[in-house]
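Observations on chain architecture
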Amino acid sequence: ISYFLLDFSQLLLEQPVIFFSEHASLLTQITEGFLSLIYPFQWKTVYVPTLPDHMTEYLEAPGQYVYGTISK
């Protein structure tokens, strides 16, 4: 539960959040679920539900973002 609260608070504070999953089919559902929890607020910055493997250097970028990536 503590990871849930940490991710939720990071979203509310507009901090960068990276979601990892071994299953690509669940990754978009998880990120969409978390973003729906902040209703009535909306996430207005960078949102990439499934970041391709060749773009992993974006995980080190400064700023506010929500990325989902497949862990291996």
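See above for the structure.
Worth saying up front: this structure is predicted, and the values here are computed from it rather than measured.

Calculation criteria
- Within every chain, residues take consecutive numbers counted from 1 along the sequence as written.
- Local features in a predicted model are, by the rule used here, given only for residues with pLDDT of at least 70; side-chain atom pairs are given and counted only at 80 or more, and totals for whole chains, interfaces and linings are based on all residues.
- In computing side-chain properties, one takes all heavy atoms of the structure into account and sets aside hydrogens as well as water.
- Strands are runs of DSSP state E lasting at least two residues, helices are runs of H or I lasting at least four, and both sets are numbered from the N terminus onward.
- The buried label goes to any residue with under 20% of its type's maximum accessible area, the exposed label to any with over 50%, and the partly exposed label to all in between, with areas taken from a 1.4 Å probe on protein chains only.
- We call two residues contacting when some pair of their heavy atoms lies within 4.5 Å.
- Between any two strands, at least two bridges found by DSSP are needed for them to pair.
- Structural elements are reduced to axes, namely lines fitted to C-alpha atoms, with helices fitted over the stretch in contact, and the angle between N-to-C directions of any two is expressed from 0 to 180 degrees.
- Nonpolar core, defined: a set of buried Ala, Val, Leu, Ile, Met, Phe, Trp, Tyr and Cys residues in which side-chain atoms within 4.5 Å join the residues together.
- Note on convention: near helix rotated counterclockwise from far helix by under a right angle means a left-handed crossing. Clockwise means right-handed.
- Only Asp, Glu, Lys and Arg are considered charged, only Ala, Val, Leu, Ile, Met, Phe, Trp, Tyr, Cys and Pro nonpolar, and every remaining residue, Gly among them, polar.

**A few points about the environment of histidine 54**
Looking at where histidine 54 falls in the secondary structure, it is placed in the loop between strand 2 (46–48) and strand 3 (65–70). For histidine 54, a relative accessible area of 62% corresponds to the exposed category. As a C-alpha pair, histidine 54 and phenylalanine 41 span 13 residues in sequence and 31 Å in three-dimensional space.

**A look at the side chain of serine 21**
Inspection of the secondary structure assignment puts serine 21 in strand 1 (residues 17–21). The residues contacting serine 21, other than those within four sequence positions of it, are Leu26, Leu27, Thr69, Ile70 and Ser71.

**So, the sheet that holds strand 1**
In spatial order, the strands read 1-3-2; together these 3 strands make up an open sheet with parallel pairing. Strand pairing shows two members of the sheet lacking a second neighbour, strand 1 and strand 2, which therefore form its edges. Each strand axis lies, on average, 15° off the axis of its neighbour in the sheet, ignoring direction. Against the sheet, helix 2 (residues 24–37) touches strand 1, strand 2 and strand 3, its axis set at about 145° to strand 1.

**Notes on the nonpolar core**
Membership of the largest hydrophobic core is limited to 9 residues, which are Leu11, Val17, Phe19, Leu27, Phe34, Leu35, Ile38, Trp43 and Val66. Taken together, the elements giving at least two residues each to this core come down to strand 1 and helix 2. Non-local contacts of leucine 35, meaning those with residues more than four positions away in its chain, are made with Leu11, Trp43, Tyr47 and Val66.

**Structural notes on the pairing of strand 3**
Across the 6 residues that make up strand 3, a large majority, 5, are buried. Sheet topology places strand 1 next to strand 3; 5 bridges connect them, and they run parallel. Bridging from a neighbouring strand, phenylalanine 19 pairs with glycine 68 of strand 3.

**Quick look at the packing of helix 1 (residues 2–12) against helix 2**
Between helix 1 and helix 2, whose axes approach to 10 Å, the crossing angle comes to 65°. At the point where helix 1 passes helix 2, the crossing takes the right-handed sense. From helix 1, Phe4, Asp7, Phe8 and Leu11 reach across to helix 2, where they touch Phe34, Leu35 and Leu37. Across the contact of helix 1 with helix 2, the residue classes break down as 6 nonpolar, no polar and 1 charged.

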